[in-house]
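Notes for the structure review
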Amino acid sequence: TVRNRLVESPVEFEFALERQADFELIGAERFRWTLDGGDEIVVPLQAIMSSSGIYNLQSLRLTVFVDNLQVPYLFPFQWIVKVNPNATI
């Protein structure tokens, strides 16, 4: 979920996923959108791992456009997941 926390200002941004060699993300790879104040958009994604291990799923890059400037938004946390062999869904 991407949420505009500004109450009275719309925010234009680009959502982009960086491709990873160890796993595949399925869903929207890149789009540009404007959210009004307080609005949110849900972007469904699925991760496919072909083997067990520990993966960092932090592949998302948001760029906010403000007054003809591009401001990258960096997430402060990694998204770590451990995949066990023979795990069932």
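The structure we're discussing is the one just above.
Our subject in this report is the structure included herewith. Predicted model only: the values in this text are computed from it and were never measured.

Tallied over the entire structure, the rule returns five salt bridges. Arg32 is paired through a salt bridge with Glu12; the nearest N and O atoms lie 2.7 Å apart. One end of the pair, Arg32, is in strand S4 (residues 30-35); the other, Glu12, is in strand S2 (residues 11-17), and 20 residues separate them in sequence. Here Glu18 ties to Arg61 by a salt bridge, and the two come within 3.6 Å at their closest N and O atoms. Residue Glu18 is found in the loop between S2 and strand S3 (23-27), and its partner Arg61 is found in strand S8 (residues 60-66); the two are separated by 43 residues along the sequence. With relative accessibility at 30%, the residue Arg61 sits in the partly exposed group.

Before going further, it helps to spend a moment on the packing of aromatic side chains. Scanning the model with the defined rule gives four aromatic pairs in all. Taking the centre distance of 6.0 Å and the plane angle of 85° together, the rings of Phe23 and Tyr55 count as edge-to-face. One end of the pair, Phe23, is in strand S3; the other, Tyr55, is in strand S7 (residues 53-56), and 32 residues separate them in sequence. Tyr55 matches Phe23 in its accessibility class, with the two residues each being buried.

Definitions and limits used
Residues numbered from 1 in each chain as written. Predicted model: local features only at pLDDT ≥ 70, side-chain atom pairs only at ≥ 80, totals over all residues. Heavy atoms only, no water. Salt bridge = Lys/Arg side-chain N within 4 Å of Asp/Glu carboxyl O. Helix = DSSP H or I, 4+ residues; strand = E, 2+ residues; numbered from the N terminus. Buried < 20%, exposed > 50% of the residue type's maximum accessible area, 1.4 Å probe, protein only. Phe/Tyr/Trp six-rings, centres within 6.5 Å; stacked < 30°, edge-to-face > 60°.

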